[in-house]
Every structure is written in C-alpha cells, then in structure tokens.
Amino acid sequence: MVSDAVRASDSGQTVRVCLGPRSYEVRVVTNDPGGFGPFARASLDRTWSGRPCRRALLVTDEHVASLAQPYMWALERVGIAASLAVVMPGEASKSLEHASDLYDRLVAMRADRHTAMVALGGGVVGDLAGFVAATYARGLPLLMIPTSLLAQVDSSVGGKVGVNHPRAKNMIGAFHQPLGVWIDTATLSSLPPRELRAGSAEVIKYGMSLDAPLFHFLEFQVQAVLALEPDAVRHVVAKSCELKAAIVGGDEREETGLRSVLNFGHTVGHAIEAVAGYGGTYLHGEAVAIGMVAVCRLAERVGTLDRAATERLLCLVRRAGLPVACPGLDADALLDAMTRDKKNQAGRIRFVLPHGIGKVEMSDACSIEQIREVLAAITND
Ligand code: GLY
C-alpha cells in the first residue's frame, strides 16, 4: 500500500517533492502538533534563508485560529518566536488588500528574509500567506500546515500561490514552493461534513485519473476516510500528495502541459462554479464530482471509456455523498463558460479524458454535439 516515494514510520508518512534545490518534504501525521517544531527547524535548516530563522508570522483564519497555539509553542521550543495574524475566513480574504495588511504586520515586526511565514488553514490562507511570502522582501521561507482535506491533498503542494483580482480569480500570483508541508489529519475533525465530502472529490480525482489502486482502495474505504479513521485518511492523503508531487516534479511551472492532468473533472467543474456563482451553491469539490461524471460520459461517447468504468465512478461519487448532476443549471451557459477555458486551443474545448480507471489523456476530440448531449444529461437529471 505504501510505495517507494512514501516513507512510513510509526509517527506518520513522508512524501518527497523533488524539485532540485527547491525540493521539500510533506509529512502526514495524526494528532502531533508538537512534531511540527522539529520538522519546521529541519526544513528551515536546509536553506540559506531558513537557517538563521528565529521569528515567524503564523497566518490563520477565524475558523481554525483555535488550533494555532500548539503550533506556536512547537515553534518556540525550537527557538522561533511566532506572531499570529488572523484573517477572515472565505475567498474575500484572497485579495491585495489583505495581502497589504500582512505586509504591514511584517514591516511592523521588522521581518527580513530569515523570517518564516507559516500558513495554518485551508486553501485561502495558504494562497494568501504564500503570496505574501513570495513577494515580501523578494521571498520569505514558507511552511504550510493545511487543515482542510482539499488543501491537504491539493493546494498546499505545488508552489502556486496568489490572490484574486476583483474580476479574475487567482490572477495575481507567483510560484513559491514551501520549505515543508506539515499535514495533521486530526485537523480534519474541525471541518463541516459537507466540506470533508467535497475534499474527497479531489482524492477520487487522483484515483480515477492517475492511480487505479487508490481508486480501488476508495471503493472499499471511502466511508472509513469520511469517518476520519486515521490509517485510511493518512493513506489517501499521503498517496494523493505523492501523485501530485510526481506531476509537479515534472512540470513545476506549468510549462510542459503535464500539470493539466490535475484538471481532470475541472473543465465542467469550473463552468458549474462560474454559472451557479461562487456563493456556495456548489462547493469546488462538488462541482468537480459532477465534472468527473460528465467527462466520463463524454469519454464513453468518444470511445475511450467503457460504461462499466463510468458506473464505478458514479457509485463511488454517490457513496462519498457527492452530487452527480446539477439539475436546473443552464446547459448553454455551461458550454459558454467552457469555451473560455484557458486549456482550449484553436477554438476546440480540451478535456482531460479518461482512458480507463487510473489513466487520462488530454484531448480535443469531443464534438460540440457530444458536449451538448452530456451537458443536457447532467442538467436535466
Ligand atoms: N498550490 C497549488 C499548486 O501549486 O498546484
């Protein structure tokens, strides 16, 4: 169950993200905030900027601020005095204005390039604190402590950080790899059940697109994962990070196209979020779940996937408590949103199409009629 790229020990599993001088470790544990101190010290000691680190700004949000104290004590025990910055939860905090508030905090504490940024929270906190770390003093050492399932299996690994422009999501950003990612699966118990289920969509995505054994594991164990059974959760989180690390290791700055396989289910998923609005009608993972179902139906029409594989995906998505359709959404509006996807080339919509469980390829082979049929099916269900 544990591959070479994942090292297991009594106290957790370690995944290595191999990026030459920017390589780092992702440590997956359960209920061990104290372990963060030595991990942070070792991660920082591997770099010029981190070695003399004696101070840190720990950024979190109001939802998880109650988790911060043990991490601050853990840093103190390895000689790092941490200050705390608490932002409002939610996408609105991913703005230049909130970044500027954090720059003010850093200036006030006379931070320099040896001051670490520590991001404790979900994707919004990671993206915002990561962006500030990338830009303040031309780059501060960054440590991630993701607390949502989505952040643990996706946004904390990979180095893309950023904030939103009022008219364009994630448009202002940078590539800035963390020095280490500390994942404590016990933090997931702070999540509302709907968000936990939504995060599981990204885990299903890794299985369906890249790893048949992970998919098979989820078919048997998805309830154990959602019940936060420690071994099951650590396994899927570490495996997902390992899969993401391999992709990021081959395409760090999104230049070769390899990273686009991570968008399996996202072309339709992003369109659903854009058309339904970002007000929470569909959480990101819920939209991705529907998008994965849609793209499997498309692949059946193109002839790269058999019906049985789609049925297995449908069954797993339902067992995870995720939606498989978006009744009532306007299919034409979804198509319109998809034509604006940045992966498109020469006017054709490009999809990450499944070729069986655990295998995908980028394709523009789908006709507009096939896409319309599938969109009609998911919006009429
Ligand atoms: N930070 C997410 C990524 O780089 O994919």
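Here the residue index of a chain counts from 1 through its sequence in written order. Owing to the predicted nature of the model, reporting of local features is limited to residues with pLDDT of at least 70; listing and counting of side-chain atom pairs is limited to 80 or more, with chain, interface and lining totals taken over all residues. As a rule here, side-chain values cover all heavy atoms of the structure and leave hydrogens and water aside.

Colleague: Quick question: what am I supposed to make of the overall build of the protein here?
Modeller: The secondary structure listing takes helices from DSSP runs of H or I that are at least 4 residues long and strands from runs of E that are at least 2 residues long, numbered from the N terminus. Counting secondary structure elements, the protein contains 13 helices and 12 strands. Across its three principal axes, the protein shows a C-alpha extent of roughly 60 × 45 × 35 Å. A 1.4 Å probe rolled over the protein chains alone gives each residue an accessible area, and that area as a share of the maximum for its type sets the label: buried under 20%, exposed over 50%, partly exposed in between. Taken over 381 residues, the protein has a buried fraction of 56%. Residue contacts are counted whenever heavy atoms from the two residues lie within 4.5 Å of one another. Relative to all contacts within the protein whose residues are 6 or more apart in sequence, the contacts with residues 24 or more apart total 73%. We get accessible surface area from the Shrake-Rupley algorithm with a probe of 1.4 Å; when it comes to residues, only the shown protein chains can shield them. Summed over all atoms, the accessible surface of the protein reaches about 15700 Å², with 51% contributed by carbon and sulfur.

Colleague: What's the story with the pattern of salt bridges in this structure? I'm lost.
Modeller: Pairs can form between side chains of opposite charge whenever their charged atoms are close. One side-chain nitrogen of Lys or Arg within 4 Å of one carboxyl oxygen of Asp or Glu is enough to make a salt bridge. Evaluation of the coordinates by the stated rule reveals 20 salt bridges. E254 is the salt-bridge partner of K160, the closest N and O atoms lying 2.7 Å from each other. Of the two residues, K160 is situated in strand 8 (residues 160-165) and E254 in the loop between helix 8 (230-250) and helix 9 (266-276); the sequence distance between them amounts to 94 residues. Under the relative-accessibility criterion, K160 is labelled partly exposed at 39%. Each member of the salt-bridge network shares a partner with another, and the members are E91, K94, D127 and K169.

Colleague: When you look at the side chain of S95 in this model, what are you seeing that I'm missing?
Modeller: Tracing the chain through its elements places S95 in the loop between strand 5 (81-87) and helix 3 (96-108). Judged by relative accessible area, S95 falls into the buried class, the value being 15%. When residues no more than four places from it in sequence are discounted, the contact partners of S95 are L128, V163 and N164.

Colleague: Can you walk me through the site of the ligand in this structure?
Modeller: When we say a residue is near a molecule or strand, we mean one of its heavy atoms is within 4 Å of it. Taken together, the neighbourhood of the ligand is formed by S155, V157, G158, G159, K160, K244 and R259. For the ligand, an oxygen atom lies 2.9 Å from a polar atom in the side chain of R259. In the complex, the protein chains occlude 91% of the 200 Å² of accessible area that the ligand would expose alone. Classifying every residue of the shell around the ligand by side-chain character gives one nonpolar, three polar and three charged. We call two N or O atoms a polar contact when they sit within 3.5 Å, provided that within protein one can donate a hydrogen and the other can accept it, with sequence-adjacent residues counted only if both atoms are side-chain atoms. Gly counts as polar in this scheme, as do all residues outside two lists: the nonpolar Ala, Val, Leu, Ile, Met, Phe, Trp, Tyr, Cys and Pro, and the charged Asp, Glu, Lys and Arg.

Colleague: What should I look at first to understand helix 8 in this one?
Modeller: The periodicity of an α-helix, 3.6 residues per turn, causes residues three or four places apart in sequence to face the same way. Across its 21 residues, helix 8 extends 30 Å between first and last C-alpha, which sits within 8% of the 30 Å expected from 1.5 Å per residue. With respect to burial, helix 8 is a largely interior element, 16 of its 21 residues being buried. Expected span of a helix, by definition, is 1.5 Å for each gap between consecutive residues, and there is one gap fewer than residues.

Colleague: Got a minute to help me understand the packing of helix 7 (residues 212-226) against helix 8 in this structure?
Modeller: The relative placement of two packed helices comes down to the angle between their axes together with the axis-to-axis distance. Axes here mean lines fitted to C-alpha atoms, for a helix over just the part in contact, with angles spanning 0 to 180 degrees between N-to-C directions. Remark: helix 7 packs on helix 8, axes separated minimally by 10 Å, with the N-to-C direction vectors making an angle of 140°. Our classification of the angle between helix 7 and helix 8 gives oblique. The handedness of the crossing between helix 7 and helix 8 is left-handed. From helix 7, L214, F217, L218, A224 and V225 reach across to helix 8, where they touch A232, V233, H235, V236, K239, S240 and L243. In terms of residue class, the contact of helix 7 with helix 8 is built from nine nonpolar, two polar and one charged. The scheme is simple: roughly parallel for angles under 35 degrees, roughly antiparallel for over 145, roughly perpendicular for 65 to 115, oblique for anything else. Crossings are assigned a handedness: left-handed for a near helix turned anticlockwise from the far helix by less than a right angle, right-handed for a clockwise turn.

Colleague: What am I meant to see in the pairing of strand 11 (residues 351-354) here?
Modeller: Looking down a regular strand, the side chains alternate between one sheet face and the other. Covered by surrounding structure in strand 11 are F351 and L353 together with V352 and P354, the residues of both alternating faces. Pairs of strands are assigned from DSSP output, requiring at least two bridges between the strands. Pairing analysis gives four bridges linking strand 11 to strand 12 (residues 360-363), with the strands arranged antiparallel. Bridge assignment links L353 to a residue of strand 12, and that residue is E361. Between strand 11 and the antiparallel strand that follows it, strand 12, lie five residues; G356 among them carries a positive phi value of about 115°.

Colleague: Help me understand the side chain of Q177 in this model?
Modeller: Note on placement: Q177 falls in the loop between strand 9 (168-175) and strand 10 (180-184). Overall, Q177 belongs to the buried group, its relative accessible area being 9%. There is a polar contact of 3.4 Å between the side chain of Q177 and the backbone nitrogen of G159.

Colleague: Where do I start with the packing of aromatic side chains in this structure?
Modeller: Here the distance between the centres and the angle between the planes together describe a pair of aromatic rings. A pair of Phe, Tyr and Trp rings is counted when the ring centres sit within 6.5 Å of each other, with Trp represented by its six-membered ring. The angle between the planes then sorts it: under 30 degrees is stacked, over 60 is edge-to-face, the rest tilted. By the definition in use, this model includes four aromatic pairs. Measuring from centroid to centroid gives 5.7 Å for F36 and Y71, while their planes differ by 75°, and the two rings are edge-to-face. Of this pair, F36 sits in helix 1 (residues 36-45) while Y71 is found in helix 2 (residues 68-77), placing the two residues 35 residues apart along the sequence. Of the two residues, F36 and Y71, both sit in the buried class. Cluster of aromatic residues (ring-pair linked, three or more members): F36, F39, Y71 and W182. Here, a charge over a ring means that NZ of Lys or CZ of Arg falls within 6 Å of the ring centre while also lying within 35 degrees of the ring normal. Its guanidinium or amino end placed over the ring of Y206, K205 lies 4.6 Å from that ring's centre, counting from NZ or CZ.

Colleague: Any chance you could explain the environment of L96 here in plain terms?
Modeller: Turning to its location among the elements, L96 is positioned in helix 3. In the structure, L96 is positioned 166 residues away from L262 in sequence and 27 Å away in space, judged by C-alpha atoms.

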